[in-house]
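Descriptive analysis of the structure
In case you want the letters, here they are:
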Protein chains: 2
Amino acid sequence: MVFEVTTLGTGAALPARGRYPTAQLLNVRDELYLIDCGEGTQERLRMAGVNFNRIGRIFISHMHGDHYLGLMGLLSSMHLQGRSRELHVHGPADLKEVVHLQLRVSQTYLRYPLHIHAVASVSGEVIMEDDRVTVTALALKHRLPCTGLVVKERAGLRSLRKEMLPVIPAYRRAGVKQGEDLLAEDGTVIPNAELTLDPPARRSYAFCSDTAYAPELVPFLTGVDLLYHEATFTEALLARAKETLHSTARQAATIARDADVGSLLLGHFSSRYKSADVLLKEALEVFPRTLLSSEGATFKVGTRG
Amino acid sequence: MVFEVTTLGTGAALPARGRYPTAQLLNVRDELYLIDCGEGTQERLRMAGVNFNRIGRIFISHMHGDHYLGLMGLLSSMHLQGRSRELHVHGPADLKEVVHLQLRVSQTYLRYPLHIHAVASVSGEVIMEDDRVTVTALALKHRLPCTGLVVKERAGLRSLRKEMLPVIPAYRRAGVKQGEDLLAEDGTVIPNAELTLDPPARRSYAFCSDTAYAPELVPFLTGVDLLYHEATFTEALLARAKETLHSTARQAATIARDADVGSLLLGHFSSRYKSADVLLKEALEVFPRTLLSSEGATFKVGTRG
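Residues numbered from 1 in each chain as written. Chains lettered and ligands numbered in written order. Predicted model: local features only at pLDDT ≥ 70, side-chain atom pairs only at ≥ 80, totals over all residues.

**With respect to the nonpolar core**
Counting residues in hydrophobic clusters, the biggest one holds 146 residues, and the most contacted among them are L227(A) and L227(B). Residues contacting L227(A), with those up to four places away along its chain left out, are A206(A), L221(A), A256(A), A259(A), V261(A), L264(A) and L265(A). (Core = buried A, V, L, I, M, F, W, Y, C linked by C-beta atoms within 7 Å. Buried ≥ 20, exposed ≤ 12 C-beta atoms within 10 Å, placed from the backbone. Contact = placed C-beta atoms within 7 Å.)

**Regarding the pairing of strand β7 (residues 126–129) of chain B**
All names here are of chain B. With three bridges joining them, β7 and strand β8 (residues 133–139) adopt antiparallel strand pairing. Bridging from a neighbouring strand, M128 pairs with V135 of β8. Taking the residues that link successive antiparallel strands as the turn, the β7-β8 hairpin has three residues. (Pairing = 2+ DSSP bridges. Helix = DSSP H or I, 4+ residues; strand = E, 2+ residues; numbered from the N terminus.)

**Examining the domain arrangement of chain A**
Split by domain assignment, chain A resolves into domain 1 (3–156 + 200–300) and domain 2 (159–196). Placing a centre on the C-alpha atoms of domain 1 of chain A and another on those of domain 2 of chain A gives a separation of 42 Å. (Domains from an automatic or database assignment.)

**Let's talk about the packing of helix α9 (residues 249–258) of chain B against helix α10 (residues 277–284) of chain B**
Residue and element names in this part refer to chain B. With their axes 8 Å apart at the nearest point, α9 and α10 run at an angle of 40 degrees to one another. Taken together, the axes of α9 and α10 lie oblique to each other. For the pair α9 and α10, the crossing hand works out as right-handed. Listed contacts from α10 to A249, R250, A252 and A253 of α9 are L279, E282 and A283. (Axes fitted to C-alpha atoms, helices over the stretch in contact; angles between N-to-C directions. Parallel < 35°, antiparallel > 145°, perpendicular 65-115°, else oblique. Left-handed = near helix turned anticlockwise from the far one by under 90°.)

**Some words on the relation of the copies chain B and chain A**
The transform that puts chain B on chain A rotates by 180 degrees and translates by 0.1 Å along the axis, for an RMSD of 0.2 Å. Those values place the two copies in the arrangement expected of a two-fold rotation axis. Among all C-alpha atoms of chain B, that of G40(B) lies closest to the rotation axis, at 2.8 Å. A symmetric contact is evident, with 100% of the interface residues of chain B recurring at the interface of chain A. (Least-squares fit on C-alpha atoms with pLDDT ≥ 70 in both.)

**Here's the deal with the sheet that holds strand β5 (residues 87–91) of chain B**
Residues and elements named next belong to chain B. One open sheet accounts for seven strands, arranged β6-β5-β4-β3-β2-β1-β18; its pairing is mixed. Whereas interior strands pair on both sides, the edge strands pair on one side only; in this sheet they are β6 (114–118) and β18 (297–300). Neighbouring strand axes in the sheet, compared pairwise and without regard to direction, differ in orientation by 20 degrees on average. Here β5 pairs with β6 via five bridges, running parallel. Following the sheet pairing, H88 is matched in β6 by H115. Across the sheet, helix α4 (residues 93–105) is in contact with β5 and β6; its angle to β6 comes to roughly 150 degrees.

**What about the sheet that holds strand β15 (residues 226–230) of chain B?**
The strands that make up a sheet pair up through hydrogen bonds in the backbone, lying either parallel or antiparallel. All names here are of chain B. Pairing is mixed across the open sheet formed by seven strands, whose spatial order is β7-β8-β9-β14-β15-β16-β17. The sheet is open, and its two edges are formed by β7 and β17 (290–292), each paired on a single side. Taken over all neighbouring pairs, the strand axes of this sheet differ in orientation by 20 degrees on average, direction set aside. Of the pairings in the sheet, the one linking strand β14 (residues 204–208) to β15 comprises four bridges and is parallel in character. Bridge pairing in β15 links C208 to H229.

**Some details on helix α9 (residues 249–258) of chain A**
Residues that lie three or four places apart on an α-helix share one face, since the helix turns once every 3.6 residues. Residue and element names in this part refer to chain A. Where burial is concerned, most of α9 is hidden: seven out of the 10 residues are buried. Residues of α9 that are buried: A249, R250, Q251, A252, A253, I255 and A256. On its buried side, α9 packs onto α7 (218–221), β15 (226–230), β16 (263–267), α10 (277–284) and β17 (290–292). With its phi angle positive at about 50 degrees, D260 sits one or two positions after the end of α9.

**Some details on the environment of S263(A)**
Residue and element names in this part refer to chain A. In this structure, S263 sits in strand β16. Residue class for S263 comes out buried when judged on the 20 C-beta atoms lying within 10 Å of it. Sequence spacing of S263 and P288 is 25 residues, and the spatial spacing of their C-alpha atoms is 8.4 Å. The residues contacting S263, other than those within four sequence positions of it, are L226, R289 and L291.

**Overview of unusual backbone geometry**
The omega torsion across S209(A) and D210(A) is -5 degrees, close enough to zero to call that bond cis. Assignment of secondary structure puts D210(A) in the loop between β14 (204–208) and α7. Of note in the backbone geometry, D260(A) takes a positive phi value of approximately 50 degrees without being a glycine. By the element assignment, D260(A) lies in the loop between α9 and β16. Exposure remark for D260(A): the 13 C-beta atoms within 10 Å place this residue in the partly exposed category. Here H268(B), not a glycine, exhibits a phi torsion of approximately 60 degrees, which is positive. On the basis of neighbour count, H268(B) is assigned to the buried category, with 30 C-beta atoms found within 10 Å.

**Describing α10(A)**
Residues and elements named next belong to chain A. When α10 is considered as a whole, its buried residues turn out to be L279, E282 and A283. In an axial view of α10, the angular spread of the buried residues amounts to 95 degrees, which keeps them on one side of the axis. Away from the buried face of α10 by more than 90 degrees, exposed residues D277 and K281 are located. Those residues of α10 that are buried lie in contact with α9, β16 and β17. (Arc of directions from axis to C-beta.)

**Notes on the interface of chain B and chain A**
A common way to report how large an interface is uses the accessible area buried once the components associate. Counting residues at the interface gives 26 residues for chain B, matched by 26 residues for chain A. Listing elements by their share of the side of chain B that touches chain A, those giving two or more residues are α3 (71–80) and α4 of chain B. By residue number, the principal contributor to the side of chain B that touches chain A is α4(B), which donates six residues. In terms of residue class, the side of chain B that touches chain A is built from 11 nonpolar, 10 polar and five charged. (Nonpolar A, V, L, I, M, F, W, Y, C, P; charged D, E, K, R; others polar.)

What follows is the structure, encoded as structure tokens:
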């Protein structure tokens, strides 16, 4: 079942060179989650052929414009398209005031229920749980309160062992898939482990943008299948990275290595880099399974081979 | 001397079909004025090769998102580019609160002085005057207070008649160019009309978006050289135009004809029209000197032949 992320924008605060501000679309079993929503995100979604109505939740990491300024336009377009499905937005406490003020002054009365949830930026805290995923927070290290995410699949159902199908009555199958034992006709108990196979491993995606080098995140990132980590600068601009509370590509790779993640995905490239290859090269020296995000590219979140 | 307008976005509220929300760049003798600033305007400016620092003033017609949501991103990019030149923004009273709230929550302390002026939407009232133009308001007819503009060149200096140069002392030339008479050595007065030629005619541009059909604007538009007027729908959707307080192409052309403008420029096309040709055709039946705006196209504001 699908679990993949499409990077819609890979630029930093000053958009340039065909890069757009941060926005990512996470598809988990055909439900869409939008992560950050920089200016122009609705256009990027349209170019990716995405039906806005499939987006049920939006997560905003922090209140820097390159991570949220596309939200009002997207909310408005959903309204104009006649959306009726409710929408949940999870973001910093200030976001609600910013959205509500703009709805008020534009006299916009949304046709759909909009719920804006204030997120506590505490690593490991559950932000949201639905039938597909559990989303926990990462307290990133930035100039403003900035919240990263770990999105982990919820446990799937156990699958029935083919050879045991004849002994499991149809009306008990749902329960057995959920882990129940079976009481046989002769009164003996057949343990669930004899009836079923383990569900597929739970896949996980982590999103870290924007942040200074923050090794305290490693315990929360350990073992994720795909880690997106910002890589605004190369080590040559380490001082600038420290000053602006961003990361170098080497620092991103160090986090990936120390957390032993499946793969590392880099983004949030400073406009000074014509090509992000220099950032990739730097990261690869530390962590080999590194990828560059690009506008519109999709990356599968897979369990490790 | 240059007086021209570049239409950066020609779409209506729901952007689609390669159209962008409203934004226009007015160039008067190499000073740039931005009129409306929908989402993505900074990208459109970049694609048009415009140095943001040349923009001294921004006018926002009203608080519908497709006319102002690009402002915060542009203000932020000007800041990140190190702008020091002051910037004036003229718009609805609510705009100041919307901008200041977002600067506050993003903890952005702009490097340049930003002055946000509340505009009274009263037709004929002077909004702004500098050494190049006088800008007066047009009270448009829309769901929100919405202010159009008439931008008129200020009177240029009179030019000295070549044959009279010998009789005008150098130290009197500036005064004579401004219309002063000359006292000759023999005590007689030489009237200014004998010394100078009229300055070039004052060119004017008017901007009407968004508005229902508003014939009360005609006296304020009479004789402008180039009138931009929204044309969201065709007459087939007249009821929809009335309901949403927008205009049909025929209505825009009727205003242009009744105001006897030089040329009419149409824009703000509904996303339902794949091509705007149907709107052009409808307008041409009423007013022959009609043009279609398009993304990135530039139109000279010339006095009438």
